[in-house]
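What the coordinates show
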Amino acid sequence: MKQLVAFTVNGEEREIAVEPNRSLLDALRTEAGLTGTKKGCDVGECGSCTVIMDGKPVNACLVLAMEAQGATLTTIEGVQCSAEEPHPLQENFMQCGAAQCGFCTPGIIMMAKALLDENPKPTTDEIRFAIAGNICRCTGYTKIIEAIGRTAGTVEAQP
Amino acid sequence: MSQRKPEHDVIGRSVKRTDLLDKVTGNARYAGDFIWPGLLYGRIKRADVAHALIRRIDASRALALPGVKAVLTHQNVPRVLHAGSPHPRSASVTCDQYILDDRVRYWGEGVAAVAATTEEIAEAALDLIEVEYEALPAVFDVEAAQRPDAPLIHDRGFGHNLVLAPQVFERGDVAQGFAEADFVIEGEYEGGRPTPAYMEPNVCACQWDGNGNLTVWISTQTAFMVRGIMAEVLGLPLSKVRVLVDHMGGGFGAKQDLFQHEFLCALLAKQTRRPVRMEYTREETFLGGRTRHPARIWLKQGFRKDGTLTARQARVVYNSGAYGSHGPGVTIVGTSSLVSLYRCDNVHLEGRCVYTNSPIAGAFRGYGVVQAYYALDIQMDEAAEALGMDPAELKLKNAVREGDIAPSNHPLVGHGLEDCIRHGRELVGWPAVRRRGRDKGVVKTGWGIGCEMHGSSAYPGIKEQGNAIVKMNEDGTVVLLTGTAGLGTGAHTALSQIVAEELGLGFERVSCVHGDTDVVPWDIGAFASHTTYMGGRAAQMAAAKVKAQLLERAAALMEAPADQLEVRDNHVFVRGQPQRRMSVKEVVGARKGIPAAQFVGSATYHPTKSYSFAAHFVEVEVDTETGRIGVRQVVPVHEIGKVIHPVGAAGQIEGGIQQGIGHTLYEDYQIDMKTGRSLNANFVDYKMPLSMDMPPIRTVLLETAPDPGGPFGAKGVGEDPIVAVGPAIANAIHDAIGVRFRHYPIKPEQVLQALREKQTQPETEEGVPA
């Protein structure tokens, strides 16, 4: 029996009908049409589905859609500064080559955004710790850590 | 070619990759992101036995479940024997699988499929399908599988569960070589079962139109092979199958195969006349995916006192699992790789590939060479120790060089391996950094070196070709049509750079169309480190044809001979007279009643082979109380010819090192050796290196041995890094604690065990000769 759940996602108020056992991840990807959030494992092991819920990063696969009642959500689609201007994190991910296949990228950018929202000047070790639950299989993490550090201004741009 | 200016305008620069804006903003569409009205969800029922006949399979209860639209079993799917690795021009494909069979050959094999209106209903329906198995004796070990009394896993093939006849590679006289040796060393080496663990689980969606045309949205490295084998197995003309791939979330080799669910998805869509999507769970990427071949290698080498190699002999056994997949190719490429790296005139190698009732091994970055060079490079370290030589010195002394005959039987170009060893040695301060077990504390450090070489392209095993079409628009921009796959490497950006460079245009003037088998020229797929080398060269050749047409028209307009013209910065110049110029747009565009020119170039490139080289210098730390091994830093030095996109090339190297650290220290997909049941098919129990485990990497790219066959001298880089880092780690562990490991993954409990054993034995073999 489907139930209505209402939340604000990327500044837009949405009301969708979902089964009570529907994950927030499936609801975002299917009912809300926001496919930028990725499903890499569906059991909270990979971080690809990281979104920001009421200011905190969560694995959307481990949250029931019904739990998002009244919540404020930000997904990768809501990060850009404007239609023409990517967020500095997004810009630095491109500049540094911090994305390859791109499948983990939305989750890592959301995790990085949550980190910088709380701690604007993280050390390299704090960056590594913050994304310890996000699996990337392409990059070896070096360029991801560089991109986040550059955004925070704690890592210098390389020539 | 020899203008006095920066040699190149577009290549050699890290331009912004064209695929990244969509990836960082969440707009990139992967195959699993599409939704259609009426979409059904498919799921596979997987066997919970390792080897059995299906005596009875009954889907009636599943079909009765509301929401279930179709169920497929071996009784109602076409029975067509086909290859899992359908390289159409390879001599080494193994035709040994059906979409669904009445027999199960490994735990986790698909036995039925369901399409339903929701994933939950499809999942529930799987439990309602009744299967009665008649168990057959199962065999999981390659030695046991080759015994005369072992159960045969396939009715076809070469007997004794061999996937192909034993492969022998011979040069010179190995007996004579050992007779000439002052010192002979031999040992056994073993590699575990890592999996590619790409982040995007396998996914495909299928839809049929009223005219019987099938469209497939899929995550694959080999769209044209999917089209070919899908058409063949489903009995369709090639023109009725269209395969679409835009972005894909990694493959690392494994997404070259065709998987059961891809055929089943097409059949379910046909039967229900609705679009169907089938998406693996993470667990299924282990169960129904492909792994690296577990391997056992016996290796023996002879040396003169001065370190010169006189003989090398090896027996390599690869475990193919339940099906052949890439077993033949891996066996040939991996075994024959041992003729080279360190030059040796007398070589005898035998490679075998054996069926077992285990998960299917397939293509995975490094393709059999990871296992072979792990053994070879560790044994070189052992030999150096016994000979009283520095290992880097011994490797340098024997390193392959220009003119040496490569595994592909081509003469090598340049001195890439020597260059890498010399450069890295200087950079890290070798040999002073070596510890030789001298650290006194609980945590001991050490340095090791590992080397490798890897071919760009699968030639001569596969007679490959790269194809490209380049066409110019009336405003002077161009479109590149390429069949190469964008599996995350940035290949389409690199190919666009090559086209821009060849045509003298700015990078932003080139766009790239890919990922639609109805539109782009045929491509063999993204593998064998050949996309930039082979697809890039074809793109360069096609661009050169457009350039020739452009210059011919410009010659008439500018009243100068075409061979006196050149294109740069989006303009055509008369050579030596920079004031005589026209923009490319003016040349191609319409003028006074004359329509714009139509410039199209199409090219096919048949590659031979080139080799890239690397030497990795690695520092590790070993905690002698916990056994924990940490990698402190990696200095990878790669010789890859002309670098097209430096950041992209470095990204390949860093990612390859991550996966190489993974299989050397952590990753091993395990099965129960009694039942064949999978034990760690998830990302908690299958441990990979994460952000906290990764060391700093100081990547060095050398361009000292460009290959004339590649675009502007470029060679491949994708597979090299995963090969060299493994033996470098094992050798560094020896430098730290004096213990020699000859297998991967090397686990903390094994370190502790080895240290305990070392303490109870007097220091003899590990001591360094004076």
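So, here's what we can say about the structure. Keep in mind the model is a prediction, meaning the values are calculated, not measured. (Residues numbered from 1 in each chain as written. Chains lettered and ligands numbered in written order. Predicted model: local features only at pLDDT ≥ 70, side-chain atom pairs only at ≥ 80, totals over all residues.)

A few words on the overall build of chain B. Assigned secondary structure in chain B consists of 18 helices and 29 strands. Its C-alpha atoms give chain B a radius of gyration of 27 Å, within 12% of the compact-globule value 27 Å for 770 residues. Along the longest, intermediate and shortest principal axes, the C-alpha atoms of chain B span 95 × 75 × 45 Å. Put simply, chain B has 770 residues, and 60% of those count as buried. Sequence separation of at least 24 residues holds for 80% of the intrachain contacts in chain B that already meet a minimum separation of 6. (Helix = DSSP H or I, 4+ residues; strand = E, 2+ residues; numbered from the N terminus. Rg over C-alpha atoms; globule rule 2.2 N^0.38 Å. Buried ≥ 20, exposed ≤ 12 C-beta atoms within 10 Å, placed from the backbone. Contact = placed C-beta atoms within 7 Å.)

On to the sheet that holds strand E14 (residues 276–279) of chain B, then. All names here are of chain B. The strand order across the open sheet formed by 7 strands is E3-E7-E1-E14-E11-E12-E13, and the pairing between neighbours is mixed. The two strands at the open ends of the sheet, each matched to only one other strand, are strand E3 (68–73) and strand E13 (241–244). Pairs of neighbouring strands in the sheet enclose a mean axial angle of 20 degrees, with direction left out of account. Here strand E12 (residues 214–218) pairs with E13 via 4 bridges, running parallel. Looking at E13, one finds that Trp-217 is bridged to Leu-244. Contacts from helix H3 (residues 119–128) reach strand E1 (40–46), E3 and strand E7 (110–116) within the one sheet, and its direction differs from that of E1 by about 25 degrees. Where helix H7 (residues 260–272) meets the sheet, it contacts E1, E3, E7, strand E11 (203–208), E12 and E14, and its direction lies at approximately 30 degrees from that of E11. (Pairing = 2+ DSSP bridges. Axes fitted to C-alpha atoms, helices over the stretch in contact; angles between N-to-C directions.)

Further remarks concern the interface of chain A and chain B. At the interface, 41 residues of chain A touch 42 residues of chain B. At the level of elements, helix H2 (88–96), helix H3 (105–118), helix H4 (124–130) and helix H5 (142–152) of chain A are the ones that each hand at least two residues to the side of chain A that touches chain B. Here the side of chain A that touches chain B is built from residues that sort into 20 nonpolar, 15 polar and 6 charged. (Nonpolar A, V, L, I, M, F, W, Y, C, P; charged D, E, K, R; others polar.)

Residues and elements named next belong to chain B. Among the 9 residues that make up strand E17 (residues 347–355), 8 are buried, leaving the element largely enclosed by the rest of the structure. The sheet contact formed by strand E9 (residues 167–171) and E17 spans 5 bridges and is antiparallel. Bridge pairing in E17 places Glu-170 opposite His-348. Looking at chain direction, strand E16 (residues 309–321) and E17 are connected through 9 bridges and run parallel. Bridging across to E17, Val-317 finds its partner in Arg-352.

What follows concerns the sheet that holds strand E1 (residues 3–9) of chain A. Residues and elements named next belong to chain A. The sheet built from 5 strands is open, its strands ordered E2-E1-E5-E3-E4 with mixed pairing. Of all strands in the sheet, those bounded by a partner on one side alone are strand E2 (12–18) and strand E4 (56–59). Strand-to-strand, the axes of this sheet are offset by a mean angle of 40 degrees, without reference to chain direction. Relative to strand E5 (residues 72–74), strand E3 (residues 50–53) runs antiparallel, the two being bridged by 2 bridges. Looking across to E5, one finds that Ile-52 is bridged to Thr-74. The sheet strands contacting H3 are E3 and E4, and the helix crosses E3 at an angle near 35 degrees.

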